[in-house]
Amino acid sequence: MTVILVSSDNQDFKVDKEVAERSILIKNMLEDVGESDSPIPLPNVTAAVLTKVIEYCEHHRNDPIQVPEETDDPRKRSNDIEEWDMKFMQVDQEMLFEIILAANYLDIKPLLDVGCKTVANIIKGKTPEEIRKAFNIVNDFTPEEEAQIKKENEWAEDR
Amino acid sequence: MAGILDLPEEIRPFIGKFLDTKAIQACLLVNRSFRRSFEPILWQKVVIRSLKSNAISEKNHVFVDVSALRTRTLDVHNYVIHDSVASEFYQLSFPHLRRLQLTDEGLNLSSRTAKNKDNDFLTRKYQRQVTDQTQLIRLNPTTRTLIIASLAATPDAEFWETIYSTWVNPQILHATGPVAWTEEAANAFWKACTRFSELSLLSLTIESSPILSTLTFPRVRHLNLQTPSIVQSRWLKPQDHLVLMKACPQLKHLTWDATALSPSQTFAPALLSEFRQAIEQNHWPYLDSLEFCRLYNKLGKELVLLLQAFPNPLTALRLKNCTFNSRVLTVLKDKKFESLKILKIYANCGITSKATLDILTSCPNIEVFRSTHIYAGDIDPSKPWVCKRLRSLTVCFIHRETASNRAVLDLQVYAQLAKMTDLTRLDLGQYSMGYTTSDPEFHLMDAMNTLDLRLKAGLGQLSTLTKLRFFGYANSFQVTGQAEILWMMENWKELRTLIGQLDGIERSALRAMEARGVEYRLCGRNI
């Protein structure tokens, strides 16, 4: 069975129901709507991003559904991204953030995790100035503020 | 849209949970928006140390400012106090606290086993801290995990009573060392234990409690009991272990580490017999996972009887310093192999190479298997391994000194390993101590003749292990080199951890490992 997803710029995407239901948002919508054929509008997702999201869901269509984790594991590793996912995430920054936003809106937790891990890997090992350069951010601290922050948070040990 | 600053506030914690402390500290200095998003993550785990803690000898230890901490209580999920610290650190309520740890590294045990007179002196000395600790417990009833270890300021009755009557949903209790010095405190301790679902009681010293035998622990599914390595006054006696175990009807997993139950102790056989009888009567209908340490050494017969008596399917069995002889293997094969998914035999159990191979060639559903060693010459190519679902294997492949055709034997090992395509973890490291009286077969000299791990010896056959995430060979006297590393990166796409000695590695191989995010260590942690 197929469903039709409509991007914010009015492009139609025909997708297998099983693939579309990797998005919990869409899954719930389909349950509410029942046997209707009407296309599902996604006003927050452009065609370019939706293409990528569907590509991800297609590849992972047979993955087991993740159980939400209750325990707070502080040693969450970000270096365990699968080979295919790593290649999938080799996009420019703008697309990367669009994918994260879409994964959040559509409630696709594994994709959200992969996106966030990718961003985390960009941040890791960099000084504040390097992080600013990586994301085109302007420093809005005064030198006094910077000194104060450093002092207040120096104590933190490894998580 | 512009970039990372446009991500809504609620998504930034999702990124934060993958960052280490250094990365978060760097993020705090990027700009104000970043600081707002990431500062709460830094405060999720707070560790407070006192001046006399051993860790202070490290340079640049910085103390947490208590007034800053007071503004951050909503962020704290994990609160750790080492030693005795200022009262103010105990007068804090953390609405989202999940884990609380109180430890005292400076405890001198002998001082607490002194006569009553000295006991009163010590009680007065630590009274403030005891009261403070109780206050902390009172202010944090949502805590799920409590860890206490070696507390010189041993909790009083009120501490345990508060947990028992006010904590909302406690789950895990890890207690090491002294937990109660008076009968009143001991009674309250056991009552508090009835609220938890997982109990780890290690080297417990506790006053005798008359009510222990009257209590039930209805929530406990996971029980870990360990006696101290030297007998002390007020230790939790092994007889009480059994009383406690019998009071846990929902028990699913049992770890029993009891040095003191060596055959030289007169009560040992009677106790193990009582344990076995309870098993026979199906006292624990949900019990399917057992771990014994120093319990059946030289009492292999007892272990055989126990496994024979075990009425239900056994899913997991772990043995350390327990006799694993051919009779034990026979009983397992006869009754338990169908259900067994996890089997771990550590050093000093006396398991032979042939027995290890027997398990691999006849236990169909095993997923995690650990043994000490396999002599490559014992492998019979006509007897393939039946464990198709094997995902984790820890064993050291070695050659007898007399083996003359090592190259051929190595190829046989690789041919067999290559068929285990579900493996995610392969550890060929050497963790046993070599020749001991408990491991008579395993000679230290043989441990130096381990499986050759180079491509030219046959490593290439393992290209079939496409799911491999962990590969280790610590202490195996083997090295891998440039060619092997590049081959691993090419063929084991999911590899994320590598442990063992490298030699002759060039920058290109190191870069390949870094790009993949492979974590490399020379030696494993004590696994």
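A few points on the structure. (Residues numbered from 1 in each chain as written. Chains lettered and ligands numbered in written order. Predicted model: local features only at pLDDT ≥ 70, side-chain atom pairs only at ≥ 80, totals over all residues. Heavy atoms only, no water.)

1. A short note on the overall build of chain A
Then step 1. Across its full length, chain A holds 8 helices and 3 strands.
Then step 2. Put simply, chain A runs from its N terminus to its C terminus through helices and strands in the order β-β-α-α-β-α-α-α-α-α-α.
Then step 3. Taken against the 2.2 N^0.38 rule, which gives 15 Å for 159 residues, the C-alpha radius of gyration of chain A at 19 Å runs more than 25% over that of a compact globule.
Then step 4. Taken over the C-alpha atoms alone, chain A extends approximately 60 × 35 × 30 Å along its principal axes.
Then step 5. Counting across all 159 residues of chain A, residues that qualify as buried make up 40%.
Then step 6. Partitioning the intrachain contacts of chain A with sequence separation of at least 6 by distance along the chain shows that 63% fall at a separation of at least 24.
Then step 7. Distance between charge centres in chain A, computed from 19 positive and 35 negative side chains, equals 5 Å. (Helix = DSSP H or I, 4+ residues; strand = E, 2+ residues; numbered from the N terminus. Rg over C-alpha atoms; globule rule 2.2 N^0.38 Å. Buried < 20%, exposed > 50% of the residue type's maximum accessible area, 1.4 Å probe, protein only. Contact = heavy atoms within 4.5 Å. Lys, Arg positive; Asp, Glu negative; His and termini not counted. Charge placed at Lys NZ, Arg CZ, Asp CG, Glu CD.)

2. Points about the packing of aromatic side chains
Then step 1. The full count for this structure, using the stated rule, is 18 aromatic pairs over all chains.
Then step 2. Taken together, a centroid distance of 6.0 Å and an interplanar angle of 45° make the contact between Phe97(A) and Phe135(A) tilted. You can see Phe97(A) sitting in helix α5 (residues 93-106) and its partner Phe135(A) sitting in helix α7 (residues 128-135), a full 38 residues away along the chain.
Then step 3. Given a relative accessible area of 0%, Phe97(A) falls into the buried group.
Then step 4. The buried category is assigned to Phe135(A), whose relative accessible area is 5%.
Then step 5. Site record: aromatic cluster; members linked through ring pairs are Phe159(B), Trp160(B), Phe189(B), Trp190(B) and Phe217(B).
Then step 6. One residue, Lys320(B), lies across the ring of Tyr346(B), its end atom 4.7 Å from the ring centre. (Phe/Tyr/Trp six-rings, centres within 6.5 Å; stacked < 30°, edge-to-face > 60°. Lys NZ or Arg CZ within 6 Å of the ring centre and 35° of its normal.)

3. A few points about helix α10 (residues 238-246) of chain B
Residues and elements named next belong to chain B.
Then step 1. Every buried residue belonging to α10 is among Pro 238, His 241, Leu 242, Leu 244 and Met 245, and all of these are buried. End-on, the buried residues of α10 take up no more than an arc of 160°, which puts them together on one face.
Then step 2. Turning to α10, the residues buried within the fold contact α9 (183-193), β6 (198-206), β7 (222-226), β8 (253-257) and α11 (268-280). (Arc of directions from axis to C-beta.)

4. Some words on the sheet that holds strand β1 (residues 2-6) of chain A
Residues and elements named next belong to chain A.
Then step 1. Sheet architecture is open: 3 strands sit in the order β2-β1-β3, paired in mixed fashion. Pairing within the sheet leaves two strands with one partner each, and these edge strands are β2 (12-16) and β3 (40-41).
Then step 2. Pairing of β1 with β3, which is carried by 2 bridges, proceeds in the parallel orientation. Within the sheet, the bridge partner assigned to Leu 5 lies in β3 and is Ile 40.
Then step 3. Across the sheet, helix α3 (residues 47-59) touches β1 and β2, and the angle it forms with β2 is around 10°. (Pairing = 2+ DSSP bridges. Axes fitted to C-alpha atoms, helices over the stretch in contact; angles between N-to-C directions.)

Interpretation note: all reported values are geometric properties and have no functional meaning in isolation.
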